[in-house]
Amino acid sequence: MNVVVIGAQWGDEGKGKMVDYLAQNAQAVVRYAGGANAGHTIVIGDQQYALHQVPSGILYPGKTVYLGSGMVIDPQALFEELQMLKDRGINWEGRVFISDRAHIVLPRYRQIDKERDAARKRPIGTTGRGIGITYSMKSERDGIRLADLDWAEKMQDLEKEDLDFLEQYKEKLISMRVNISSEMWKYRNKNVLMEGAQGAMLDLDLGTYPYVSSGLSCSAGASVGSGIGPRKLDKILGVFKAYTTRVGNGPMPSEFDENSQSELYKFVRDTGREYGVTTGRPRRCGYLDLVALRYACRTNSIDDLLLTHLDVYDSLNEIEACVGYEIDGKIVTEFPASIEDLNKAKPILEKFPGWKKSLKECKTFKKLPKEAKNYIKYIESYTGTKIGIVSVGYERNETFILRNPWKK
Ligand code: IMP
């Protein structure tokens, strides 16, 4: 069975923890898009791991992980990450493979990425990891894939600086290189977890363009990035937080008002530890945006939603969520493509009573306070999508299942 996990908001929804949790029942894990711009945090006991390119499944001894065709691989950052894992006792050798169709990020792309963004009239606020440049080289048909590393003619065309850089990693990359489509064929009767990066609203096509990343963070990307057709995606899970965050620029209609709601803003940011794993930047925070979430559910065919960070709201008397936008005096409940409309949008809020107790000990839906159950039920009915898993803390065991993710 092939299960896809995507972020259903603007990234940082807690995919790392969910993928780690779901990986228990998978024989292989594929990260299908994005690059070192992503940051997945996993907490196991007193150990915290921040992964950027390696799929979270690596933390389970014996599981095989793949970096898929839709990824842009930064070799320097990748081998640093693998070294960090080795130093911490995680033996990765022989279980990390990279698609021969994945593209390679060259060091100077990082600098170009930063310079281009700074020169933009309206900067996107990129992570500066060279991601956009690598994807544009790919669409210009000038990119370098792992498959090209032993194509002598192509390598001769490279500038010396790039060639020298690649020489350091070439043999190691070649030893990890695979045809991901044939690998997936071997797993056709097993469980494979396909891990997305960023989030649906940062997808190049479906997101808040141009304030997006450059890869396929949508569920459709799982098919392209894993070398299988879309009919073989058996289940699509969308991770979302009980509120909304965003890093970088671009519209965020449900963002808290930094002046009039500075306390709420600070409370959510600090309680939810909302600081970027990759760049350390403080994340923008706001109400749960149900208009955007429903749009993500529809455009990605999300079967089940996975709710994280519900415990962040434990101490609030009242919770609000955005159920529509007011744009030029009109009520809008379908997510607009126009950035101008999104910038003008004022959130229409629905109030919910808070539960005022710690959810940490709740191990079943039944044990949740009725106010938390009501919040969950409202989200389900608004989005038309069931909630399959709820996370109430950072630890692996602070999670409970409502619907079996590995059942069709
Ligand atoms: P880029 O992917 O570095 O080009 O950044 C483009 C936009 O996507 C910026 O607003 C970034 O902050 C955002 N972004 C990229 N990766 C992530 C992520 O993993 N989490 C949240 N935002 C991200």
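Residues numbered from 1 in each chain as written. Predicted model: local features only at pLDDT ≥ 70, side-chain atom pairs only at ≥ 80, totals over all residues. Heavy atoms only, no water.

## Quick word on the overall build of the chain
Per the secondary structure count, the chain includes 12 helices and 19 strands. For the chain, the C-alpha radius of gyration of 21 Å lies close to 22 Å, the compact-globule estimate for 408 residues. The dimensions of the chain, computed from C-alpha atoms along their principal axes, are 65 × 45 × 40 Å. Residue burial in the chain is summarised as follows: out of 408 residues, 58% are buried. Residue pairs at least 24 apart in sequence account for 76% of intrachain contacts in the chain once pairs closer than 6 positions are excluded. Taken as a whole, the chain presents about 17500 Å² of accessible surface, with 48% of it coming from carbon and sulfur. Charge separation in the chain, taken as the distance between the mean sites of 58 positive and 54 negative side-chain charges, equals 6 Å. (Helix = DSSP H or I, 4+ residues; strand = E, 2+ residues; numbered from the N terminus. Rg over C-alpha atoms; globule rule 2.2 N^0.38 Å. Buried < 20%, exposed > 50% of the residue type's maximum accessible area, 1.4 Å probe, protein only. Contact = heavy atoms within 4.5 Å. Areas by Shrake-Rupley, 256 points an atom, 1.4 Å probe, with all protein chains shown as cover. Lys, Arg positive; Asp, Glu negative; His and termini not counted. Charge placed at Lys NZ, Arg CZ, Asp CG, Glu CD.)

## Examining the UniProt feature "binding site: IMP" (unreviewed entry) in the chain
Under the feature "binding site: IMP" (unreviewed entry), the UniProt entry names Asp 12, Glu 13, Gly 14, Lys 15, Asn 37, Ala 38, Gly 39, His 40, Thr 127, Arg 141, Gln 198 and Arg 281. The largest pairwise C-alpha distance within this set of annotated residues, which runs over 270 residues, is 33.9 Å, so the set is dispersed in three dimensions. Summarising the element assignment, Gly 39 is placed in the loop between β2 (28-34) and β3 (40-44). Setting aside chain neighbours within four positions, we find Gly 39 in contact with Leu 51, His 52, Val 277 and Thr 278. (UniProt positions renumbered as here; feature names shortened; annotations may be inferred.)

## Structural notes on the side chain of Thr 385
Along the chain, the position of Thr 385 falls in the loop between α12 (370-383) and β18 (386-391). Within the local environment of Thr 385, its side chain forms a polar contact with the backbone oxygen of Thr 383, the two atoms lying 3.2 Å apart. For Thr 385, the residues in contact, after removing those within four places along its chain, are Cys 297, Ile 302, Asp 303, Asp 304, Leu 305 and Glu 380. (Polar contact = N/O pair within 3.5 Å; in protein donor to acceptor, adjacent residues only side chain to side chain.)

## Quick look at the environment of Tyr 211
Tracing the chain through its elements places Tyr 211 in the loop between β9 (192-195) and α8 (220-226). Given the relative accessible area of 10%, Tyr 211 is considered buried. Spatially, the C-alpha atom of Tyr 211 lies 34 Å from that of Phe 400, the residues being 189 residues apart in sequence. Non-local contacts of Tyr 211, meaning those with residues more than four positions away in its chain, are made with Arg 122, Pro 123, Ile 124, Leu 202, Arg 246, Asn 249, Gly 250, Pro 251 and Ile 339.

## Examining the nonpolar core
Counting residues in each nonpolar core, the largest one holds 71 residues, and the members touching the most others are Met 194, Tyr 313 and Tyr 375. If we ignore the near neighbours within four places in the chain, the residues touching Tyr 375 are Ala 242, Leu 288, Leu 310, Tyr 313, Ile 319, Ala 321, Phe 352 and Trp 355. The next biggest cluster of nonpolar side chains, apart from the first, holds 54 residues, and it includes Val 19, Ala 26, Leu 149 and Leu 237. (Core = buried A, V, L, I, M, F, W, Y, C linked by side-chain atoms within 4.5 Å.)

## Description of the site of the ligand
In the region of the ligand, 15 residues are neighbours, and Asp 12, Asn 37, Thr 127, Ser 213 and Arg 281 sit closest. Between an oxygen atom of the ligand and a side-chain N or O atom of Asn 37, the distance comes to 2.8 Å. Notes on the ligand: free accessible area 470 Å², of which the protein chains cover 97%. In the shell around the ligand, the residues fall into 6 nonpolar, 7 polar and 2 charged. (Near = heavy atom within 4 Å. Nonpolar A, V, L, I, M, F, W, Y, C, P; charged D, E, K, R; others polar.)

## Remarks on the packing of aromatic side chains
Each aromatic ring pair is summarised here by two numbers: the centre-to-centre distance and the angle between the ring planes. Taken as a whole and judged by the stated rule, the model has 14 aromatic pairs. Measuring from ring centre to ring centre gives 5.7 Å for Phe 79 and Tyr 169, while their planes differ by 5°; the resulting arrangement is stacked. One end of the pair, Phe 79, is in helix α2 (residues 75-87); the other, Tyr 169, is in helix α6 (residues 160-176), and 90 residues separate them in sequence. The two residues Phe 79 and Tyr 169 agree in class, both being buried. Both rings, one in Phe 352 and one in Tyr 375, keep their centres 5.3 Å apart while their planes meet at 75°; by these two values the pair is edge-to-face. Placement of Phe 352 in strand β17 (residues 346-353) and of Tyr 375 in helix α12 is noted, with a sequence separation of 23 residues between them. Like Tyr 375, Phe 352 is buried. Directly above the ring of Tyr 60 sits Lys 63, whose terminal nitrogen or CZ lies 5.4 Å from the centroid. Over the ring of Phe 365 we find Lys 373, and its NZ or CZ is 5.8 Å from the ring centre. (Phe/Tyr/Trp six-rings, centres within 6.5 Å; stacked < 30°, edge-to-face > 60°. Lys NZ or Arg CZ within 6 Å of the ring centre and 35° of its normal.)

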